[in-house]
Every structure is written in C-alpha cells, then in structure tokens.
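Survey of secondary and tertiary structure
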Amino acid sequence: MVNGSEMQHLRRCVELAKEALEAGDQPFGSILVAADGAVLFEDRNRVSSGDQTRHPEFEIARWAAANMTVEERAVATVFTSGEHCPMCAAAHGWVGLGRIVYVSSCEQLSTWLADLGVPASPVQNLSIQQVVPNLVVEGPIADLDKQVHDLHRRFYRR
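All of the points below concern the structure found in this document. (Residues numbered from 1 in each chain as written. Predicted model: local features only at pLDDT ≥ 70, side-chain atom pairs only at ≥ 80, totals over all residues. Heavy atoms only, no water.)

Describing the overall build of the chain
Note the cut-off: Note on conventions: DSSP H or I runs of at least 4 residues are helices, E runs of at least 2 residues are strands, and numbering of each starts at the N terminus. This radius of gyration counts C-alpha atoms alone. The globule rule is 2.2 Å times how many residues there are, raised to the power 0.38. Whether a residue is buried, partly exposed or exposed follows from its accessible area with a 1.4 Å probe, protein chains only, as a fraction of its type maximum: under 20%, in between, or over 50%, in that order. Residues count as neighbours in contact if any of their non-hydrogen atoms are within 4.5 Å of one another. Every accessible area reported is derived by Shrake-Rupley at a probe size of 1.4 Å, with residue values counting cover from the shown protein chains alone. Asp and Glu are treated as the negative residues and Lys and Arg as the positive ones, with His and the ends of the chain left uncounted. Throughout, a charge is located at the NZ atom of Lys, the CZ atom of Arg, the CG atom of Asp or the CD atom of Glu.
Each helix and strand counted, the chain has seven helices and five strands in total. Secondary structure elements in the chain, listed N-terminal to C-terminal, are α-β-β-α-α-β-α-β-α-α-β-α. Taking 15 Å as the expected radius of gyration for a compact globule of 158 residues, we find that the chain reaches 14 Å, a close match to that expectation. Judged by the C-alpha coordinates and their principal axes, the chain covers about 45 × 30 × 30 Å. A burial count over the chain gives 49% of its 158 residues as buried. Contacts in the chain between residues far apart in sequence, at least 24 positions, make up 61% of those at least 6 positions apart. About 7,900 Å² of surface is accessible on the chain, with carbon and sulfur atoms providing 52% of the total. Distance from the positive charge centre (14 side chains) to the negative charge centre (20 side chains) of the chain: 6 Å.

Structure (structure tokens):
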C-alpha cells in the first residue's frame, strides 16, 4: 500500500514524465529513494537522442551500481511513472534494487498506444515480475495513471 510520502514521489515521477514530453521525449520519469526516504537520483526519458536505452529506470540501475552498496540497493525503492520495460526490469534485477512502485502498467500502456494507432514495440511486452520473479512490485496507481495516459496521448498526437 502506497503512503503519503510515496504518493509525493509518484507525483514527482509524473512531473519528470511531463518534463520529458516537453523536451520531445516519450513521457517517462523515475526516482530512486533510499530506505530512509531520501531521494538519491532522478531522471526522465532521453531517447530522443537516438539511444533507445536512455530510459530513466536503466539510468537508475547504472547509478545505483556505481554509488550504492549491495545492501543499500536491496532496501531502496524505485518509483516510476510507467512499469519497467523488460530491459529496465532486467537491469533492476541484475543490480539488486528493491521494491518498484509504478503509476501505469505496461499493459495499460500497450492498450493506450494501440488505441492511438502506434505501431507495436520491437520488444515483447512483459511485466516486471515476468522478468524478475519474486520482486516486490506495486501498481498501477489509480488517478495518477490518468495523468500519465494524458501525457502519452499528447506525445503521440503531435
């Protein structure tokens, strides 16, 4: 169950997704939070550079591997506007990060994009737990998911 401070983190993820949209990127944003609640790292999508691996969740995994102990990573939480793609879920699992809380699911995103006529992704749509079994995952988050849906609609209707 998501508490009040965690909702603030999720709202920040939506703000980062909006920043990505305004910069011409697909609207995704994520933050890494330590066990004590301190925000350690945040980022937004940067795939408009042409590098399709520049997802914020992947950047979090890289940052965590370079800057946190194994123990710190295991008790940290990643908050994100959208459920991790398989690439980001694998990075999360390999680095040993803890819980993930997402606003909108990959299933929701697939439905939204299909409704907008966006071609299917070249990567199969898998849930985080299909990639990293036994990971604690929470989402989607009602109401905030509507905001994320709107950001994707705006991105693809440009």
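Digging into the state of the cysteines
This is how the line gets drawn: The rule for a disulfide is simple: a pair of cysteine sulfur atoms within 2.5 Å.
The final tally for this structure, using the stated rule, is zero disulfides. Distance from the sulfur of cysteine 88, which forms no disulfide, to the nearest cysteine sulfur (cysteine 85) is 3.7 Å. Of the residues examined, cysteine 88 reaches a relative accessible area of 0% and is grouped as buried. Unpaired in terms of disulfides, cysteine 106 finds its nearest cysteine sulfur in cysteine 85, a separation of 9.5 Å. Overall, the relative accessible area of 12% leaves cysteine 106 in the buried class.

Details of the environment of asparagine 134
If you trace the backbone, asparagine 134 turns up in the loop between helix H6 (128-131) and strand S5 (137-138). Placed 20 residues apart in sequence, asparagine 134 and arginine 154 show a C-alpha to C-alpha distance of 35 Å.

Quick word on unusual backbone geometry
In this structure, proline 140 follows glycine 139 across a cis peptide bond, with omega equal to -5°. Tracing the chain through its elements places proline 140 in the loop between S5 and helix H7 (144-156). The phi dihedral of asparagine 134 is positive, around 70°, even though this residue is not glycine. A relative accessible area of 78% means that asparagine 134 is categorised as exposed. Of note, the phi angle at aspartate 143 is positive, near 75°, even though the residue is not glycine. Considering the arrangement of structural elements, one finds aspartate 143 in the loop between S5 and H7.

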